[in-house]
Amino acid sequence: MPASLLDFLAGGLLQPGWLALAVYLLVATQLTIFTVTLYLHRSQAHRGVDFHPAVAHFFRFWGWLTTSMVTREWVAIHRKHHAKCETDEDPHSPVKKGIGTVFWRGVELYREARADRESIEKYGKGCPDDWIERRLYTPHATMGPTLLLFISFALFGFAGVAVWAIQMLWIPFWAAGVVNGLGHWWGYRNFVTDDTATNLSPWGVWIGGEELHNNHHAFPSSAKFALRRFEVDAGWLVIRGLQKLGLAKVLRVAPTLNVRPNIRVPDGDTLKALLAIRFQAMTDYQRKVLKPALREEAAAAGARLRALLPRKLRKGLADDGRWLKPEARAQLDAWVQQRPRIGTLVEYRRRLAAVLEARSHNASDTLHALQAWCHEAEATGIRALQEFSARLKGYSLQPA
């Protein structure tokens, strides 16, 4: 116990050393990260995992205490981000709002999105609506961090106030700034998705796996974000631990591709797989058709690939230059037009994307369109297209 008022002001009731404060801060901030990634994100927003009521309510309480975020509002804003990604309606797209705005003013963007009550009602369905949510967590959201401030001061003195300030900045910086900002601006991509989402490994332990943003956008409802051997998803490790204790139930994970040999024409299994993992198909096309063709063009020209086509424009080939500025897109189009073989490959990539994105209510129509694509791709005589078509026809989903 503190011997005097000055001792209390300096160290509170517990009089901890700096090492103890550092350990507390590490544990507290990681609990907050796990509250966001496990409960708000994977469980509530995407229904990829269910938690035991006691665990779920601990996350709800901890989120109220440390962030003041309301579950339904967070969920609605995130679901809208997926539904309107990289459009003017996206609550926090660096493509539309600028990386500086999203990185440094992410909290302001969140507050603006909260004010759109129509969107909150539309996208926030299915979230907790019990007595404590209606009477405490939602109407008195700011009471949690205020209470935490008094607790921190009582336990740690003025040092506790500094710790509290760091806690208050933790989610705004790492989630609103780093994940929402850098996660759509810089990093590597495992999948050619319809947005600019990237992976920011190896920060998984630090932000709970949320840095695997491209993986998440490829398979939003998956409770597991890590999809390559070197990727670490700390949130998934916690889920698996809770699952072994009977405190979590995994509902969905990303499907695994199986390629069957010697399939003559695309069949129902092919279509089922493609509709589930269409981003995998477009990624395969980029890696197995377009990239080798670019290397062949460079070899024929006796030049390095970077000299043949700048990296930014090479990346633009994967999605028809969707995210390029008009001048760069015009430059890419002109470059492609000068190379008929590359132009053919780009056109077939575009046509395949159209087949997979159409998602006709009549599955047989989509299957017939896919079969026609494969037949015409093989008729081009381009070996890479023929080999890709043979692989595509064998697509199926690995049994769970």
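Before reading further, recall that the structure is shown in the block above.
Residues numbered from 1 in each chain as written. Predicted model: local features only at pLDDT ≥ 70, side-chain atom pairs only at ≥ 80, totals over all residues. Heavy atoms only, no water.

A. Spatial organisation of unusual backbone geometry. Phi at arginine 47 is positive, roughly 55 degrees, even though this residue is not glycine. Position of arginine 47 relative to the elements: it lies in the loop between α2 (18-45) and β1 (49-51). A positive phi is found at aspartate 320, a non-glycine position, where the angle reads about 60 degrees. Structurally, aspartate 320 is set in the loop between α18 (311-317) and α19 (326-337). What makes aspartate 320 buried here is its relative accessible area of 17%. (Helix = DSSP H or I, 4+ residues; strand = E, 2+ residues; numbered from the N terminus. Buried < 20%, exposed > 50% of the residue type's maximum accessible area, 1.4 Å probe, protein only.)

B. Region of the structure containing the environment of alanine 226. Here alanine 226 lies in the loop between α13 (213-218) and α14 (234-244). Along the primary structure alanine 226 and histidine 213 are separated by 13 residues, whereas in three dimensions their C-alpha atoms are 9.7 Å apart. Sequence-distant contacts of alanine 226, that is, excluding residues within four places in its chain, are made with Leu212, Asn215, Glu231, Val232 and Asp233. (Contact = heavy atoms within 4.5 Å.)

C. Highlighting the environment of arginine 339. With respect to the helices and strands, arginine 339 occurs in the loop between α19 and α20 (340-358). Exposure remark for arginine 339: the relative accessible area of 18% places this residue in the buried category. Once the C-alpha coordinates of arginine 339 and glutamate 297 are considered, the two residues, 42 residues apart in sequence, prove to be 9.0 Å apart. Beyond its immediate stretch of four places on either side in the chain, arginine 339 contacts Glu297 and Leu308.

D. View of the packing of aromatic side chains. Applying the stated criterion to the full structure yields 21 aromatic pairs. With a centroid separation of 6.0 Å and an interplanar angle of 25 degrees, the aromatic rings of phenylalanine 58 and tryptophan 62 are classed as stacked. Here phenylalanine 58 pairs with tryptophan 62, and both are found in helix α3 (residues 53-66), just four residues apart, close to one helical turn. For phenylalanine 58, a relative accessible area of 35% corresponds to the partly exposed category. Summarising the aromatic geometry, the rings of tryptophan 64 and tyrosine 137 are spaced 5.7 Å apart at their centres and angled 40 degrees between planes, so their arrangement reads as tilted. Taken together, the residues tryptophan 64 in helix α3 and tyrosine 137 in helix α9 (residues 131-137) connect sequence positions 73 residues apart. (Phe/Tyr/Trp six-rings, centres within 6.5 Å; stacked < 30°, edge-to-face > 60°.)

E. Region of the structure containing the pattern of salt bridges. Taken as a whole and assessed by the stated rule, the structure comprises 22 salt bridges. A salt bridge links glutamate 73 to arginine 117; its shortest N-O distance comes to 3.0 Å. Of this pair, glutamate 73 sits in helix α4 (residues 71-83) while arginine 117 sits in helix α8 (residues 117-123), and the two are 44 residues apart along the sequence. Given a relative accessible area of 7%, glutamate 73 falls into the buried group. Look at arginine 117 and you get partly exposed, because its relative accessible area is 38%. Among the salt bridges present, the one from glutamate 108 reaches arginine 105, with a minimum N-O distance of 3.0 Å. When its relative accessible area of 37% is taken as the criterion, arginine 105 is described as partly exposed. (Salt bridge = Lys/Arg side-chain N within 4 Å of Asp/Glu carboxyl O.)

Everything listed is a geometric property; what it means functionally is a separate question.
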